[in-house]
Amino acid sequence: MAQVSIIGGGNVGANAAFFIAEKGVTDVLLVDIQAGLSRGKMLDIMEAAPIRRYRNFLSGSDSLDDIKGSEFVVVAAGAIRSPGMRREELFTVNASLIRSLAPEIARLTPESIVVVATEPVDSLTALFTRVSGMPRARVLGLGGILDSTRLRALIARELGVSMEIVSAMVIGRHSDDMICLPRYCSIAGVPLPLLLPPEKIAALVEETRTAGDLVVELAKRSSAYYAPSAAIAELADSVHMNLNRVFSVSLILEGEYDVTDAALSLPALIGSRGAARVLTPELTPHELAILHESARKVAAAVKGDPAPASARNVGSRGATR
Amino acid sequence: MKVSVIGAGNVGAKAVYYIAEKNIADIVMVDVVNGLARSKALDFLHAAPLRGYEVRIRGTTDFAEIERSDVVVITAGIARKPGMDRMDLLKTNVGIAAQAAREIALRAPNAVVIVVTNPLDVISMVVLRETGFALRKVVGMAGVLDSTRFRWFIAEKLGVWPGDVQAMVLGGHGDEMVPLTRYTSVGGIPLDQLLDTAGIEALVKRTRTGGAEIVSLLKTGSAFYAPGASVAKMVEAVIKDERRLFPASAYLRGEYGFRDIYLGVPVVMGRNGVERVVELPLADSERKALDASAEAVRRGLAELSTVMGEKA
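Throughout this description, residue numbers start from 1 for each chain and increase along the sequence as written. Chains carry letters and ligands carry numbers; both start at the beginning, A for chains and 1 for ligands, and go up in the order they are written. Only residues with pLDDT of 70 or above have their local features reported here, since the model is predicted, and side-chain atom pairs are shown and tallied only from 80 upward, although totals for entire chains, interfaces and linings are computed over all residues. The basis for every side-chain value is the complete set of non-hydrogen atoms in the structure, without hydrogens or water.

1. Concerning the overall build of chain B
Basically, it comes down to this: Secondary structure elements are taken from DSSP: a helix is a run of H or I of four residues or more, a strand is a run of E of two residues or more, and numbering for both begins at the N terminus. Our radius of gyration looks at C-alpha atoms and nothing else; its globule reference is 2.2 Å times the residue count to the power 0.38. Residue burial is assigned from relative accessible area. The probe radius is 1.4 Å, only protein chains are included, and a residue is buried under 20% of its type maximum, exposed over 50%, and partly exposed in between. Throughout, a residue-residue contact means that at least one pair of heavy atoms, one from each residue, lies within 4.5 Å. Computed by Shrake-Rupley with a 1.4 Å probe, the accessible areas treat only the displayed protein chains as cover when residues are assessed. Residues counted as positive are Lys and Arg, residues counted as negative are Asp and Glu, and His and the chain ends are not counted. To locate a charge, take NZ of a lysine, CZ of an arginine, CG of an aspartate or CD of a glutamate.
The helix and strand tally for chain B stands at nine helices and twelve strands. For 312 residues, the compact-globule formula gives about 20 Å, and the C-alpha radius of gyration of chain B, at 19 Å, lands near that figure. Seen along its three principal axes, the alpha-carbon backbone of chain B occupies a region of about 50 × 50 × 40 Å. Going through the 312 residues of chain B one by one, you find that 62% of them count as buried. Sequence-distant contacts, at least 24 apart, represent 69% of the contacts inside chain B between residues at least 6 apart. For chain B, the computed accessible surface area is about 11800 Å², with 49% contributed by carbon and sulfur atoms. Taking the average place of the 39 positive charges on the side chains of chain B and the average place of its 36 negative ones, the gap between the two points comes to 2 Å.

See the structure below:
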């Protein structure tokens, strides 16, 4: 039994397995319905093991049942964007996938931490939480961590400093209305607004907002996958080693900023129990207004689906419906 | 230091990625398909804060950007489809490699060139001729990949850590590979003390068809993780002048009794490319297998002559 299971053997899923091997976190099982695909990709990675000195074993399967007992499950299956498409347009097609996967994952791995990487991340994280009946702390969407990483890379590039000393904070929806928080971005502890003029910061924020779109537009037949899969590996590491690292992840809000029933990214401590604690940095009225509007959009997308777990009997957790 | 990789397909991009993680050189990735190299370079940039590399990575369609590279890797070419013989790729890939070689000669005249495009041993010859570079400056990547596969299969079979398995292979890539099981060891212990002949033979057979096994599993596409890692290992040896002993496709001038041919042999890789070819004593069966492998390369070179007319 692998402790990490990844569902979906496309670029994001396979590369997440790759990065988990590179980090030496734990064994990984990659599951894809296309027979052979995940086995082929994992074999390819293992054939690099003598050179890369991997300490974990990666395997592939075409049966979802094999994820049984995993502590960390990544949902990386589903359709990806083509150029010009907005993430939200994938909701209908990918929501039906989540509706069928969520109860199965809850049944096979009732104690797991689930990371949803399928787009649109926030509404599908909300949907997964509702349909699975799992607590919100254990269903995390790959949103803000990816946007934050991109902003971090762009700040480092702009200032000509090492990426290692830059931290960046992006919260909200993983879409056009993501909320970049420059005053919570720092370079070796120095707030970004002290080092760059507002117009330069605005340009970096805009570049971050459209970063995913640009990759899709240039690549034409694929979307970004290195940065997303590297982010998945960071989360897997933080959960497996119970590091309680602070990452901006999407999860159902339960009163934070007066939002309920919608999933949005907020900074949270990620450890073996998932999002052990959600942080709520002070926001300006303008930022709050965007956050609330984003919450309305996410809530609207999933309003037809079952109520969140907190509103139902605890006993229904993990039930197949 | 500067490394350029020509071809931003799966193998090229993955090689760029592995080289980036070594933090040893800035990297330029060139692909004729508009946007492809740039999209991957952007994705690499976005992942950099998480992965810790600080080198600059550029994606472009413009060969001018390979200027003054210390190492150039040629991965461009069409990939092998299920059931396709390597020689079928010859025509298309010769054209692509020849163009790349001319650009390299013009813009990066001091570079060490590592050829990945298949059929490897033949394309290496094309690149040598088109660049006009010193013999040691053009080398083909195949043996590192064949040996890492062989090492993994041994590690998996014996249940040992893959980093503790060493293996040496000779000859052409894939079907024509000659594994030297006497020079293959686990923690220094020769393989034949740990596995019986039939067991070793099964692993050798699997290694020979290792590339095809991945192709048949993936259905669309071929291996790129292990090939990319193999390329990066060779690039690192050159950039850092490591003088590592690798099996690689080198131009032979009498070593192992062959002349004017690229064939997989043990070489010492360093700043100048192939610093020297290492000649190992061979058993009769190994000698025979290497002869057959060289014969296959010669057939490829004959086909090359047909493709390129009197030039070859």
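2. Remarks on the pairing of strand β2 (residues 26-30) of chain B
All names here are of chain B. The condition is simple: Strand pairing is defined by DSSP finding a minimum of two bridges between the two strands. Whether a crossover is right-handed depends on one test, that the path from the first strand over the helix to the second runs clockwise when the strands point away from the viewer.
Within β2, four of the five residues are buried, which leaves the element mostly enclosed by the surrounding structure. Two strands pair when backbone bridges link them, and β2 and strand β3 (residues 57-60) are joined in this way by four bridges, in the parallel orientation. Among the inter-strand pairings, Val-30 is bridged to a residue of β3, identified as Thr-60. One crossover worth recording links β2 to the parallel β3 by way of helix α2 (residues 36-51), and it is right-handed.

3. What about the pattern of salt bridges?
For clarity, the threshold we go by: By convention in these notes, a salt bridge is any Lys or Arg side-chain nitrogen within 4 Å of a carboxyl oxygen on Asp or Glu.
Inspection of the entire model under this criterion finds 37 salt bridges over all chains. Between B:Arg58 and B:Glu65 there is a salt bridge; the shortest N-O distance is 2.6 Å. The class of B:Glu65 is partly exposed, set by a relative accessible area of 23%. We note a salt bridge from B:Glu242 to B:Arg244, for which the minimum N-O separation is 3.0 Å. Look at B:Glu242 and you get partly exposed, because its relative accessible area is 26%. Among the residues examined, B:Arg244 registers a relative accessible area of 34% and is labelled partly exposed. The structure contains a network of salt bridges with shared partners spanning A:Arg86, A:Glu88, A:Arg173, A:Asp176, A:Asp177 and A:Lys297.

4. A look at the packing of helix α1 (residues 11-23) of chain A against helix α1 (residues 10-21) of chain B
Short version of the rule: Helix axes use the C-alpha atoms of the stretch in contact, all axes being lines fitted to C-alpha atoms, and the angles between their N-to-C directions lie in the range 0 to 180 degrees. Any angle between 65 and 115 degrees counts as roughly perpendicular, while under 35 counts as roughly parallel, over 145 as roughly antiparallel, and the rest as oblique. Note on convention: near helix rotated counterclockwise from far helix by under a right angle means a left-handed crossing. Clockwise means right-handed. Charged means Asp, Glu, Lys or Arg here, nonpolar means Ala, Val, Leu, Ile, Met, Phe, Trp, Tyr, Cys or Pro, and polar covers whatever is left, Gly included.
In contact at an axis separation of 14 Å, α1(A) and α1(B) are set at 25° when each is read in the N-to-C sense. In terms of their interaxial angle, α1(A) and α1(B) are classed as roughly parallel. The handedness of the crossing between α1(A) and α1(B) comes out as right-handed. Taking contact as the criterion, the partners of A:Asn15, A:Phe18, A:Phe19 and A:Glu22 in α1(A) are, on α1(B), B:Lys14, B:Tyr17, B:Tyr18 and B:Glu21. Taken together, the residues that form the contact of α1(A) with α1(B) break down as four nonpolar, one polar and three charged.

5. A word on the sheet that holds strand β8 (residues 177-186) of chain B
Residues and elements named next belong to chain B. The strand order across the open sheet built from three strands is β7-β8-β9, with neighbouring strands paired in antiparallel fashion. Looking at which strands have only one partner, the edges of the open sheet turn out to be β7 (165-171) and β9 (189-190). Examined bridge by bridge, β8 and β9 share two bridges and lie antiparallel to one another. Opposite Val-186, over in β9, you have Ile-189 as the bridge partner. Contacting β7 and β8, helix α5 (residues 143-158) crosses the sheet at an angle of about 140° to β7.

6. Brief notes about the side chain of B:Arg149
Looking at where B:Arg149 falls in the secondary structure, it is placed in helix α5. Here B:Arg149 falls in the buried class, since its relative accessible area comes to 3%.

7. Structural notes on the interface of chain B and chain A
What counts here: Once two parts are put together, the accessible area they lose, assessed with a 1.4 Å probe and summed over both, is termed the buried area. Two N or O atoms form a polar contact when they lie within 3.5 Å of each other; inside protein one atom must be a possible hydrogen donor and the other a possible acceptor, and for residues adjacent in sequence the pair counts only when both atoms belong to side chains.
Listed per partner, the contact involves 48 residues of chain B and 51 residues of chain A. Of all residues in chain B, B:His46, B:Leu50 and B:Tyr225 give up the largest surface area on contact with chain A, accounting jointly for 17% of the area buried on that side. At the boundary of chain B and chain A, one finds one salt bridge. With a shortest N-O distance of 2.7 Å, A:Glu47 and B:Arg149 are connected by a salt bridge. For the pair chain B and chain A, the number of links is 17 residue pairs in polar contact (both at pLDDT 80 or more). Elements represented by at least two residues in the side of chain B that touches chain A include exactly α1, α2, α5, α7 (210-218) and α8 (225-239) of chain B. If one sorts the elements of the side of chain B that touches chain A by residue count, α2(B) sits on top with 14 residues. Looking at the side of chain B that touches chain A residue by residue, the classes come out as 25 nonpolar, eight polar and 15 charged.

8. A few points about the packing of aromatic side chains
Applied cut-off: Pairing of aromatic side chains here covers Phe, Tyr and the six-membered ring of Trp, requires ring centres within 6.5 Å, and sorts the geometry by plane angle: under 30 degrees stacked, over 60 edge-to-face, intermediate tilted. A ring has a charge above it when a Lys NZ or an Arg CZ is no more than 6 Å from the ring centre and no more than 35 degrees off the ring normal.
Per the counting criterion, the structure on display carries 14 aromatic pairs over all chains. Between A:Tyr226 and B:Tyr17, the aromatic rings sit 5.0 Å apart at their centres with planes inclined by 25°, giving stacked as the arrangement. Taken as a pair, A:Tyr226 in helix α9 (residues 226-240) and B:Tyr17 in helix α1 lie in two separate chains rather than in one. Note on B:Tyr17: relative accessible area 0%, which makes it buried. The interplanar angle of 80° and the centroid separation of 4.5 Å between the aromatic rings of A:Tyr226 and B:Phe44 together place this pair among those described as edge-to-face. A residue pair is termed interchain when its members come from two chains, as with A:Tyr226 in helix α9 and B:Phe44 in helix α2. Joined through ring pairs, the aromatic side chains of A:Phe18, A:Phe19, A:Tyr225, A:Tyr226, B:Tyr17, B:Tyr18, B:Phe44, B:Tyr53, B:Phe224 and B:Tyr225 make up one cluster. Sitting over the ring of A:Phe18, B:Lys14 keeps its end group 4.1 Å from the ring centre. The aromatic ring of B:Tyr17 is capped on one face by B:Lys14, whose charged end is 5.9 Å from the ring centroid.

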